[in-house]
Amino acid sequence: MNNWKPVAILLLLVLPGGFAGIWRVQHGIDGQLQKIHEEQDEVLLRSNKMMKTLSLEYAPLMADVYWTRVVQYYGSKGERREQNLDSLWPLLDLSTTLDPNLIPAYRFGSTFLAEARPVGLGRPDLAIELIRRGIRENPEYWRLYQDLGNIYYFSLHDNEKASQAYVDGSNVPGAAPWMKLMAARIVERGDTRQTSRLLWSELYESSKDQTIKENAKTHLLLLKTDDDIEQLNLLIAEFQKKYGHAPTQMRELVEGRLLRGFPADPEGFAYVIGKSGKAELNPNGRLFKLEPLYRRF
Amino acid sequence: MKTRRSLESLTMHVGEGESFGFLGPNGAGKSTTLKLLMGIIFPTSGSARILGKPISDVEMHKDIGYLPEQPYFYDYLTAAELLDYFARFFGFTAVEREERVARMLKKVGLETAGKIQLRKYSKGMLQRVGLAQAILHDPKVVILDEPMSGLDPIGRHEVRDIILELKREGKTVLFSTHILTDAEMLCDKVGVIVGGKLQGVGRPGEIVGMKPSGMEILFEVDESDSRSGALRAKAARSGSGFALRVPEDSVYAALEELRAADAKIVSVAQIKPTLEEYFMHLVEKDRAQAAAIEVYGK
Amino acid sequence: MMRVGAVAWNTFREAVRDRVLYNLVFFALLMMASAIFMGQISLEIETIVIITVGLSAVSVIGLLIAIFTGVGLVSKEIDKRTLYALLSKPVRRWEFLVGKFAGLVLTLAVNTAAMAVGLVLALLYVKHSLERGDAAVFVAVYFIWLKIVIVISLALLFSCFTSQLLAILFTAGLYIAGLFVTEMRNLSGSKLAPITQTFFSWVSYVLPNFGNFNVMAAAAHGRSVPSGLILENTAYAILYCGIVLTAATVVFSRRNLK
């Protein structure tokens, strides 16, 4: 019985000390691993069918594992890094091969495979391939047609095909009525901001995926700034006419009674007049940094 | 169901250079006591010391040797390799190890079998290896758990000789056995354990609290001769003759009678109650006690 | 120290004399031969396939040996009662444990090294020459060995207090759990309640994180592994084994042996 004490003390010291050490070392390892750009699935990803056969009835579970990885790497809380993008397609390809009904993967891929770098992979062709698979395997899910139409519209500027996608989607039982409306609108008034706004709004409203929502929202905000800047440029032109010289600061517009207050972007940063004499986003604002990254209409 | 205590407040003392025999039926607690001493199991309370050091002192093991009950060793090793392996724990040099191993194998009669893997060994051979590894390092105290088990009469004789030699070398020997004659022959002191309790400790003679209960006369006689008839009727057959028991004070009278009948006197000896009788008496007592408890504690 | 070494050497000797070990090594060599055939079918990715298949074989075989031999390290000695005579020698229980551990670790080091050599030979056969990037294969093998060492320590721990069958189940279970630690750590940011997230976060540090040791992709593509990771992983393995061995010592020190 007298041997209990030193042994118990040993344990009480070693256990917390040891795990504290582990905690620190683990963080070191995390840092190192990110450097390596680890995609151990890459090798196996080349043969999706083989993976599917190997996984047997656990295929949907495996699909979830890989889907989780997508979320981890590209989700809004994850670290979206340039080098991770290369694995986006293989991961999505594999996930949807293992589980063809993994709708979130299709929807996610339609946005982020198509968006130009660095926001997405910049491969609208892959996005289309993915969505077509999704439609083939889930013909009743009409929203995939919505995603398909968006790819054609935003990334490929092919209004005809975009409209066609919306038409096809509108024919699926249970599709929302606006699908038909969108189809018509794209053909009649494609390439306008308003159309784009409608499409992004629809996506924002309907999507449950935070990342997709945020992406759509950013597009909407930038569209708004486009509107604002267009308006402001008109006012600048008026000022020019009225006072004979171009204004260099917003203040002048306010003093000249053309503006009632200082206009700001949707996030509260005041617009400025740039060197070119046109209205511009405030350099301090978040949208200023995002603008060049996003192709938008 | 109550958990049985395997040992009840055991207190005993073995002097240096003594040979102490632990006697008792199977399951009495002999092995348990020895395992406690070796630190294989731990007591719920109490303490013990060997050579003045607490049993938790592992260094003290340098001076003690242990033969476990029904020993079994790494069967992929040869006897020589096993002994060499164990020898490494004592810090001998390679030369010393080699010499000791050879000497031990010879001592226990295994010199020719030294290179054979232990998995091929008979029980008796394993017992000898066990003994060899116990005394390999020339310990001051040797603790043996059933050293005779599994041995044929020759083997047992040899082991007895080894134990006597250890005694002569002044070592302390503690061994357990349920063979009484071995205990009588080899031990200075004997402790009798029955049912987990130490029933008595003392010299083999003392323990039984000895009083000779008479004399036994062995004689041979011509059975056709009627003069010895009365005596023969009182006697029991013994081999080719008879054994007559008489109280001590009647010995000479009986002898006279036998001489008169031309009987040949083979021997005259005291009848001592043996360790065996004392032993059986204790076992019976213990069983009776256990029965009593069961009746009450239902 | 000598005593630990004596126990370790004897454990190693036991593993070597146990013919199961030889069969597994033979199996590994067989695996690599088939890798060469597989490589011939797939053309450009032969190197990748050989390295991936080879490393997988090294890992699986090493783990099998570690688990099946590891769980018997202590329990076999108790069941067969060979431990009694040993404990009567001047050797502490922890010295015995560490010695057994070291012996099996040594066995697997030898075994893993042999398989690594086989793998490199197979690579040479296919590529006809080696480049700098191929050094990553050695690092990958080293990491696999580190992973195996951790598994050995776990098997030893369970061997101290359960039967061999249960120990196999527990050790294998912990190994599988350890593969998902990365996923567990990514659960933060998901929809679970904060308490659950904290719980999983803690658990993810307690469980052995075997994802740390997987650099198979880097090795397959000839990308070198940063030396910082080598150091960190070694430190991780040392720390983790230290904890597990201490726990084993505590469990075993006061155990009454039959």
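These numbers were taken from a predicted model, which means no experiment stands behind them. (Residues numbered from 1 in each chain as written. Chains lettered and ligands numbered in written order. Predicted model: local features only at pLDDT ≥ 70, side-chain atom pairs only at ≥ 80, totals over all residues.)

### Side note on the overall build of chain A
Turning to step 1, where the next piece is worked out: A count of helices and strands for chain A gives 14 helices and two strands.
Turning to step 2, where the next piece is worked out: In chain A, buried positions account for 32% of the 297 residues.
Turning to step 3, where the next piece is worked out: In chain A, 51% of the contacts between residues at least 6 apart in sequence involve partners at least 24 apart. (Helix = DSSP H or I, 4+ residues; strand = E, 2+ residues; numbered from the N terminus. Buried ≥ 20, exposed ≤ 12 C-beta atoms within 10 Å, placed from the backbone. Contact = placed C-beta atoms within 7 Å.)

### Some thoughts on the environment of S240(B)
Turning to step 1, where the next piece is worked out: Looking at the element boundaries, S240(B) is found in the loop between β10 (236–238) and β11 (241–246).
Turning to step 2, where the next piece is worked out: When the C-alpha positions of S240(B) and F219(B) are compared, they lie 9.0 Å apart, and in sequence the two are 21 residues distant.

### With respect to the environment of Q127(B)
Residue and element names in this part refer to chain B.
Turning to step 1, where the next piece is worked out: Tracing the backbone through its elements, the reader meets Q127 in helix α4 (residues 123–135).
Turning to step 2, where the next piece is worked out: Sequence-wise, Q127 and E146 are 19 residues apart; in three dimensions their C-alpha atoms are separated by 9.5 Å.
Turning to step 3, where the next piece is worked out: Filtering out sequence-adjacent residues up to four positions away, Q127 remains in contact with P71, S149, G150 and L151.

### Quick look at the sheet that holds strand β7 (residues 189–194) of chain B
Residues and elements named next belong to chain B.
Turning to step 1, where the next piece is worked out: Here we have six strands laid out as an open sheet, ordered β4-β5-β6-β1-β7-β8, and mixed in their pairing. Each having just a single partner strand, β4 (64–67) and β8 (197–202) make up the two edges of the open sheet. Strand-to-strand twist across the sheet, computed as the mean angle between neighbouring axes with direction ignored, equals 15°.
Turning to step 2, where the next piece is worked out: Inspection of the sheet shows strand β5 (residues 141–145) paired to strand β6 (residues 172–177) by five bridges, in the parallel sense. Within β6, the position partnered with I143 by the bridge is L174.
Turning to step 3, where the next piece is worked out: Across the sheet, helix α1 (residues 30–38) lies against β1 (19–23), β4, β5, β6 and β7, angled at about 140° from β5, the strand it touches most. (Pairing = 2+ DSSP bridges. Axes fitted to C-alpha atoms, helices over the stretch in contact; angles between N-to-C directions.)

### Examining the confidence of the model for chain A
Residue and element names in this part refer to chain A.
Turning to step 1, where the next piece is worked out: When pLDDT is averaged along chain A, the result is 80, and 84% of the positions lie at 70 or above.
Turning to step 2, where the next piece is worked out: When mean pLDDT is taken per element in chain A, helix α7 (residues 124–137) scores highest with 92 and helix α2 (residues 41–45) scores lowest with 47.
Turning to step 3, where the next piece is worked out: Low pLDDT, under 50, characterises residues 38–44; the stretch is placed with 17 contacts to residues that sit more than four places away or in other chains. (pLDDT = per-residue confidence, 0-100.)

### Let's talk about helix α9 (residues 159–170) of chain A
Residues and elements named next belong to chain A.
Turning to step 1, where the next piece is worked out: With 12 residues, α9 should cover 16 Å at 1.5 Å per step; its first-to-last C-alpha distance of 16 Å lies within 8% of that length.
Turning to step 2, where the next piece is worked out: Along α9, the residues that are buried comprise A162, S163, A165, Y166, G169 and S170. With its buried residues spanning 155° around the axis, α9 presents them on a single face.
Turning to step 3, where the next piece is worked out: The inward-facing, buried residues of α9 contact α8 (143–155) and α10 (178–189). (Expected span 1.5 Å × (residues − 1). Arc of directions from axis to C-beta.)

### Examining the sheet that holds β10(B)
Residue and element names in this part refer to chain B.
Turning to step 1, where the next piece is worked out: The four strands lie next to each other as β10-β11-β9-β12, forming an open sheet whose pairing is antiparallel. The open sheet terminates on both sides in strands that have one partner only, identified here as β10 and β12 (264–270). Shown here is a sheet whose adjacent strand axes are inclined to one another by a mean of 30°, direction ignored.
Turning to step 2, where the next piece is worked out: With three bridges joining them, β10 and β11 adopt antiparallel strand pairing. If you follow A236 over to β11, its bridge partner there is A243.

### Section: the interface of chain A and chain C
Turning to step 1, where the next piece is worked out: Of the residues lining the interface, 29 residues belong to chain A; the matching set on chain C comes to 33 residues.
Turning to step 2, where the next piece is worked out: Among the secondary structure elements, those contributing two or more residues to the side of chain A that touches chain C are α1 (4–36), α2 and α4 (59–74) of chain A.
Turning to step 3, where the next piece is worked out: Counting residues per element, the side of chain A that touches chain C draws most heavily on α1(A), which supplies 19 residues.

### Re unusual backbone geometry
Turning to step 1, where the next piece is worked out: A positive phi angle, near 50°, is found at L51(B), a position not held by glycine.
Turning to step 2, where the next piece is worked out: Of note, L51(B) is situated in the loop between β2 (49–50) and β3 (53–54).

### Digging into helix α2 (residues 79–87) of chain B
Because an α-helix completes one turn every 3.6 residues, residues spaced three or four positions apart along the sequence face the same direction.
Turning to step 1, where the next piece is worked out: Burial analysis of α2(B) places seven of its nine residues in the buried class, the great majority of the element.
Turning to step 2, where the next piece is worked out: Those residues of α2(B) that fall on the buried side of the exposure criterion are A79(B), A80(B), L82(B), L83(B), Y85(B), F86(B) and A87(B).
Turning to step 3, where the next piece is worked out: For α2(B), the secondary structure elements touched by its buried residues are α3 (94–107) and α4 of chain B together with α1 (2–17) of chain C.

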